[in-house]
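Inside the fold
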Amino acid sequence: MLLTKMNSYQLPVENRGGMEDFLSSNSLVEFSALELLHAVVTCTFPASRVLDGYTRKRREELYAKCAMMEAALIQNEEYFGKSPVIGYLDSVEKTAVSYYLGLIFTKLVSARVFHEDFLTHVQLIHRENGEYFFYIGRKKRSEMLSYQLGQEGFSVWAARGRSNNSLDALQEGLSQAQEIRAVQGMAPRMRAVCMTYYEKGIFSARVQRSAKQGTEDLDFTEKEYLRAYYQPVRELLLEFYNREEMRECRIQGIDCVEARVTLPYFIREDAPDEVERSFILGMPRDLIESPLQSFADIPQKWRRLREGLWERYGEDCYAGGDFVYVRLEAS
């Protein structure tokens, strides 16, 4: 599987309303390789905090995520399957790969199925006192928070990645999401767990929602949420600022900044010669120069960005509801 190859994929998703709800909605979610690449680029792992002083961390982090995705999953017709390469890993390494796949596909499912425009890990958000949400009460927090433009309030997600359809892991994730009573003083729009796993060799996802609530509150400013979401992409673009790969463009009256991001081929048996690949990563210039203070600061004209990109590039481009886009270069 190559993230830079124009393909469409399907992900079986089971969507249930609660542990007591025996009625479920099963669907096949279709998405493109570029849509998955967008999720890979914008889904940042908490481990990146460990490398705060490493100037090239975003590029190396992107390489690691792409290498993992392309090595861990194989294309099985229109579905994903488990790559035999994973069999060479020990149990701890397999767990880590499953965990990261769970994070990335929670990002994809939250956007594709529930129309969430933003999703970031709670450990990347600063509290009002400048500290991270490492612990709330006695528990370490590992939720992800999503936001949909035009709606009030955040949603709480617990991301899980497993090899098998584990009911215990699903219940554990749901229990974790239920512990959050309020975000910014408001009850979450949704509390859910998204678990990825393999069902008869096919990579699948299961979403479980619940209306129950706990006693823990999360309080931060919208500015800090937006900083946590956009900073990784912003830093990745800034790494190319003084290089030829950086350029400016204007789309539907919106000043954008683009960077040509190169990826190695990641040598494999069927392609022994390493070939460098690339894609274009872009976003409005204002997101680099003037970080947003709140969702209300998002200019209305940015809503035309998707339309303008589609008119110019068609299926060779994918723009998320977060105004970050990825596209392939014209051959």
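Structure: above.
The structure displayed is predicted, hence computed values, not measured ones. (Residues numbered from 1 in each chain as written. Predicted model: local features only at pLDDT ≥ 70, side-chain atom pairs only at ≥ 80, totals over all residues. Heavy atoms only, no water.)

Thoughts on the overall build of the protein
Tallying secondary structure elements over the protein gives 7 helices and 18 strands in all. Here the protein holds 331 residues, and the buried ones make up 55% of them. Within the protein, residue pairs in contact and separated by at least 24 positions form 66% of the contacts whose partners lie at least 6 positions apart. Surface accessibility of the protein: about 15,500 Å² in total, with carbon and sulfur atoms responsible for 47%. (Helix = DSSP H or I, 4+ residues; strand = E, 2+ residues; numbered from the N terminus. Buried < 20%, exposed > 50% of the residue type's maximum accessible area, 1.4 Å probe, protein only. Contact = heavy atoms within 4.5 Å. Areas by Shrake-Rupley, 256 points an atom, 1.4 Å probe, with all protein chains shown as cover.)

Here's the deal with the sheet that holds strand 17 (residues 317-319)
Across the sheet, 5 strands lie side by side as 14-15-16-18-17; this open sheet has antiparallel pairing. Only two strands of the sheet have a single partner each, and these edge strands are strand 14 (246-251) and strand 17. Between one strand axis and the next, the sheet turns through 25° on average, direction left out of account. Of the pairings in the sheet, the one linking strand 17 to strand 18 (residues 325-327) comprises 3 bridges and is antiparallel in character. Bridged to alanine 319 within strand 18 is tyrosine 325. Its contacts with the sheet place helix 7 (residues 305-313) against strand 14, strand 15 (254-263), strand 16 (277-284), strand 17 and strand 18, and it is angled at close to 105° to strand 14. (Pairing = 2+ DSSP bridges. Axes fitted to C-alpha atoms, helices over the stretch in contact; angles between N-to-C directions.)

What about the packing of helix 2 (residues 57-72) against helix 3 (residues 91-112)?
Put simply, helix 2 and helix 3 touch, their axes get as near as 11 Å, and they point 105° apart. One way to sum up the angle between helix 2 and helix 3 is to call them roughly perpendicular. On helix 3, the residues touching Met68, Met69 and Ala72 of helix 2 are Val97, Tyr100, Leu101, Ile104 and Phe105. When grouped by side-chain class, the residues that make up the contact of helix 2 with helix 3 number 8 nonpolar, no polar and no charged. (Parallel < 35°, antiparallel > 145°, perpendicular 65-115°, else oblique. Nonpolar A, V, L, I, M, F, W, Y, C, P; charged D, E, K, R; others polar.)

A closer look at helix 3
Spanning 22 residues, helix 3 covers 31 Å between terminal C-alpha atoms, matching the ideal 32 Å at 1.5 Å per step. Buried within helix 3 are the following residues: Val97, Ser98, Leu101, Gly102, Leu103, Ile104, Phe105, Thr106, Lys107, Leu108, Val109 and Ser110. The N-capping residue of helix 3, defined by a side-chain oxygen 3.1 Å from the backbone nitrogen of valine 92, is aspartate 90. (Expected span 1.5 Å × (residues − 1). Polar contact = N/O pair within 3.5 Å; in protein donor to acceptor, adjacent residues only side chain to side chain.)

Observations regarding the packing of helix 1 (residues 33-42) against helix 2
At a minimum axis distance of 9 Å, the contact between helix 1 and helix 2 shows a crossing angle of 135°. Relative to helix 2, the element helix 1 lies oblique. Two packed elements cross with a definite hand, and for helix 1 against helix 2 that hand is right-handed. Of the residues in helix 2, those in contact with Leu36, Leu37, Val40 and Val41 of helix 1 are Leu62, Lys65, Cys66 and Met69. Classifying every residue of the contact of helix 1 with helix 2 by side-chain character gives 7 nonpolar, no polar and 1 charged. (Left-handed = near helix turned anticlockwise from the far one by under 90°.)

Some details on the environment of serine 98
As for its position among the elements, serine 98 is in helix 3. Sequence-wise, serine 98 and serine 163 are 65 residues apart; in three dimensions their C-alpha atoms are separated by 6.9 Å. Excluding residues that lie within four positions of it along the chain, serine 98 makes contacts with Gly161, Arg162, Ser163 and Thr196.

A few points about helix 5 (residues 222-238)
Taking 1.5 Å of rise per residue, the 17 residues of helix 5 would be expected to cover 24 Å, and the 23 Å separating its terminal C-alpha atoms lies within 8% of that figure. Along helix 5, the largest kink reaches about 40° and is centred on tyrosine 230; proline proline 232 follows within four residues of it. By the burial criterion, the buried members of helix 5 are Glu224, Tyr225, Leu226, Ala228, Tyr229, Tyr230, Pro232, Val233, Leu236 and Leu237. (Bend = angle between axes of the 7 residues up to and from the residue.)

Topic: the nonpolar core
Grouped together as the largest cluster of nonpolar side chains are 103 residues, with contacts concentrated most on Met69 and Phe105. Examining the composition of this core, we find that 8 residues originate from one element, helix 5, more than from any other. Aside from chain neighbours lying at most four places away, what touches methionine 69 is Met1, Leu3, Leu36, Val40, Leu101, Ile104 and Phe105. (Core = buried A, V, L, I, M, F, W, Y, C linked by side-chain atoms within 4.5 Å.)

Structural notes on the pairing of strand 14
Pairing of strand 14 with strand 15, which is carried by 6 bridges, proceeds in the antiparallel orientation. Across the sheet, residue arginine 250 finds its bridge partner in strand 15, namely aspartate 255. The hairpin formed by strand 14 and strand 15 contains 2 residues between the paired strands, and glutamine 252 there has a positive phi angle of roughly 55°.

With respect to the side chain of glutamate 224
With respect to the helices and strands, glutamate 224 occurs in helix 5. What makes glutamate 224 buried here is its relative accessible area of 18%.

Considering the state of the cysteines
Using the criterion set out here, one finds 0 disulfides in the structure. Of the cysteine sulfurs around cysteine 249, a residue in no disulfide, the closest is that of cysteine 256, at 4.9 Å. (Disulfide = S-S within 2.5 Å.)

A few points about the pairing of strand 16
Looking along a regular strand, one sees the side chains alternate between the two faces of the sheet. Along strand 16, 8 of the 8 residues are buried, which leaves the element largely enclosed by surrounding structure. Here strand 15 pairs with strand 16 via 8 bridges, running antiparallel. Across the sheet, residue cysteine 256 finds its bridge partner in strand 16, namely proline 284. Strand direction decides the pairing type here: strand 16 and strand 18, joined by 3 bridges, are antiparallel. When the bridges of strand 18 are listed, leucine 281 appears paired with valine 326.

What to know about the packing of aromatic side chains
As enumerated under the stated definition, the model contains 21 aromatic pairs in all. Ring centres of tyrosine 99 and tyrosine 100 lie 5.3 Å apart, and the angle between their planes is 55°; on these two criteria the pair is classed as tilted. Tyrosine 100 sits in the partly exposed class, given a relative accessible area of 24%. Ring centres of tyrosine 229 and tyrosine 230 lie 5.3 Å apart, and the angle between their planes is 90°; this geometry places the pair in the edge-to-face category. Like tyrosine 229, the residue tyrosine 230 is buried in the burial classification. Taken together, the aromatic side chains of Phe118, Tyr147, Phe154, Phe220, Tyr225, Tyr229, Tyr230 and Phe295 make up a single cluster linked through ring pairs. (Phe/Tyr/Trp six-rings, centres within 6.5 Å; stacked < 30°, edge-to-face > 60°.)

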